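# Summary of the model geometry
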Amino acid sequence: MQNAIKTQRTYYIGAALLALITAILRTLALTLTFDRASGYFTAGALPVLLRVVEGCSLFALVLFPVLALRGHISPKRATRSPFIPCGAGLCALLLFLNFICSCTLQNAMLPTLLWVIGLLAILLGVVYFILQTPLIKAGAGTHAVLGSLTIVAFACLIAFTYFDISTPMNAPHKIDLHMALLATMLYFLYELRAKADISRPLALTVCGAIAFFLTAAIGLSDTVAYLAGALTDPVYFAQDLLLLALAIYIGARSMADATLSNKN
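Attention here is on the structure that accompanies the text. What you see is a predicted model; the values in this text were computed from it and never measured. (Residues numbered from 1 in each chain as written. Predicted model: local features only at pLDDT ≥ 70, side-chain atom pairs only at ≥ 80, totals over all residues. Heavy atoms only, no water.)

### Some points on the overall build of the protein chain
When helices and strands are counted, the protein chain shows nine helices and two strands. Taken from the N to the C terminus, the helices and strands of the protein chain come in the order α-α-β-β-α-α-α-α-α-α-α. Relative to a compact globule of 264 residues, whose C-alpha radius of gyration would be 18 Å, the protein chain shows 18 Å and is just as compact. Along the first, second and third principal axes, the C-alpha atoms of the protein chain reach 55 × 45 × 25 Å. For the protein chain, with 264 residues in total, the buried portion stands at 50%. Intrachain contacts of the protein chain at a sequence separation of at least 6 include 80% that bridge at least 24 residues. The centroid of the 16 positive side-chain charges in the protein chain is displaced by 15 Å from the centroid of its 10 negative side-chain charges. (Helix = DSSP H or I, 4+ residues; strand = E, 2+ residues; numbered from the N terminus. Rg over C-alpha atoms; globule rule 2.2 N^0.38 Å. Buried < 20%, exposed > 50% of the residue type's maximum accessible area, 1.4 Å probe, protein only. Contact = heavy atoms within 4.5 Å. Lys, Arg positive; Asp, Glu negative; His and termini not counted. Charge placed at Lys NZ, Arg CZ, Asp CG, Glu CD.)

Put into structure tokens, the structure is as follows:
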């Protein structure tokens, strides 16, 4: 029984449950205790409970694999899963949507050079995700270059909203969105290491779970809040939708890897 719990599959299922709980709490907080005028939560127990659950969840996602999964993770990565191409296709589509939204940015604080670099990196990121589908084949070098530029694209997406003065710098919507994109950048860094045969399986597993947790919980709750009228900025909404696509992609890859580990 104990060995059945100490598996990647159990770990990722736990991450999904924590993401669902956090998404529900965050949706309630955004729809019931969010002040659109200030961009902050109003005082109350619900926002505090949300932050406690988020913090405890992240702590558990870091601690569990360190204590229970050492030596139980396969260094190989799964290549066959019907959900991986679907997730990659959604990422490509929604990253292109972010390219379109980014083209319309009107922000005097955003450096022009950074804006141009960001647009180019986002387009190349779209190509990288297309390469994760059966549509196009490419070599390891191409994957490495485009994957690195995809990380740059996520960094530029953070910059696009970072320089947005209409949303306070430490507002929960902005901070949480940036946290999810930073976790995604870290995950793709270790994914590229795996593609280059210098994998760190434990680090990839932890970063995958954290990135999935944040992208799923924040993307889902922000999307519901946007549809409910609590959030209104289309640029942020495009990034929130991208988070959902990234959650599908990262979740599909992680569960496929967990299945591979169970067979070894």
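### Thoughts on helix α4 (residues 83-103)
The end-to-end C-alpha separation of α4 is 30 Å, in line with the 30 Å expected for 21 residues at 1.5 Å each. Those residues of α4 that sit buried are I84, G87, A88, C91, A92, L94, L95, N98, F99, C101 and S102. (Expected span 1.5 Å × (residues − 1).)

### Here's the deal with the pattern of salt bridges
Enumeration according to the criterion identifies four salt bridges in this entry. Across the salt bridge formed by E54 and R51, the nearest N and O atoms sit 2.6 Å from each other. Placement of both E54 and R51 in helix α3 (residues 45-68) is noted, with a separation of three residues, approximately one turn of the helix. Classification of E54 by relative accessible area gives buried; the value is 12%. A salt bridge links D176 to R51, with the shortest nitrogen-to-oxygen separation between them at 3.2 Å. A residue pair is termed long-range when its members are at least 10 positions apart, and D176 in helix α7 (residues 172-195) and R51 in helix α3 qualify at 125 residues. By sharing partners, the salt bridges in this structure join R26, R51, E54, D176 and D222 into a single network. (Salt bridge = Lys/Arg side-chain N within 4 Å of Asp/Glu carboxyl O.)

### Considerations on the packing of aromatic side chains
What describes a pair of aromatic rings is the distance from one ring centre to the other and the angle between the planes of the rings. Counted under the stated rule, the structure contains 13 aromatic pairs. The interplanar angle of 25 degrees and the centroid separation of 5.8 Å between the aromatic rings of F96 and F99 together place this pair among those described as stacked. A residue pair is termed a helical-turn pair when its members lie 3 or 4 positions apart in one helix, as F96 and F99 do in helix α4 at three residues. The exposure class assigned to F96 is partly exposed, which follows from its relative accessible area of 38%. Here the aromatic cluster, defined as three or more aromatic residues joined through ring pairs, consists of Y128, F129, F154, Y187, F188 and Y249. (Phe/Tyr/Trp six-rings, centres within 6.5 Å; stacked < 30°, edge-to-face > 60°.)

### Some words on the nonpolar core
Ranked by internal contacts, the top residues of the largest apolar core, which has 66 residues, are F129, F154, F188 and Y249. If you list the elements that add at least two residues to this core, you get α2 (8-32), α4, α5 (112-131), α6 (140-162), α7, α8 (201-227) and α9 (234-263). Looking at this core, the element that brings in the most residues is α8, giving 13 residues. By size, the runner-up hydrophobic cluster in this structure holds 10 residues, among which are A29, F34, L50 and L231. (Core = buried A, V, L, I, M, F, W, Y, C linked by side-chain atoms within 4.5 Å.)

### Thoughts on the packing of α5 against α6
For the pair α5 and α6, the least separation of the axes is 7 Å and the interaxial angle reads 135 degrees. In terms of axis orientation, α5 runs oblique to α6. Judged by the twist between their axes, the crossing of α5 over α6 is left-handed. Of the residues that constitute the contact of α5 with α6, the class distribution is 20 nonpolar, six polar and no charged. (Axes fitted to C-alpha atoms, helices over the stretch in contact; angles between N-to-C directions. Parallel < 35°, antiparallel > 145°, perpendicular 65-115°, else oblique. Left-handed = near helix turned anticlockwise from the far one by under 90°. Nonpolar A, V, L, I, M, F, W, Y, C, P; charged D, E, K, R; others polar.)

### Considerations on unusual backbone geometry
Unlike most non-glycine residues, D197 shows phi in positive territory, near 60 degrees. You can see D197 is positioned in the loop between α7 and α8.

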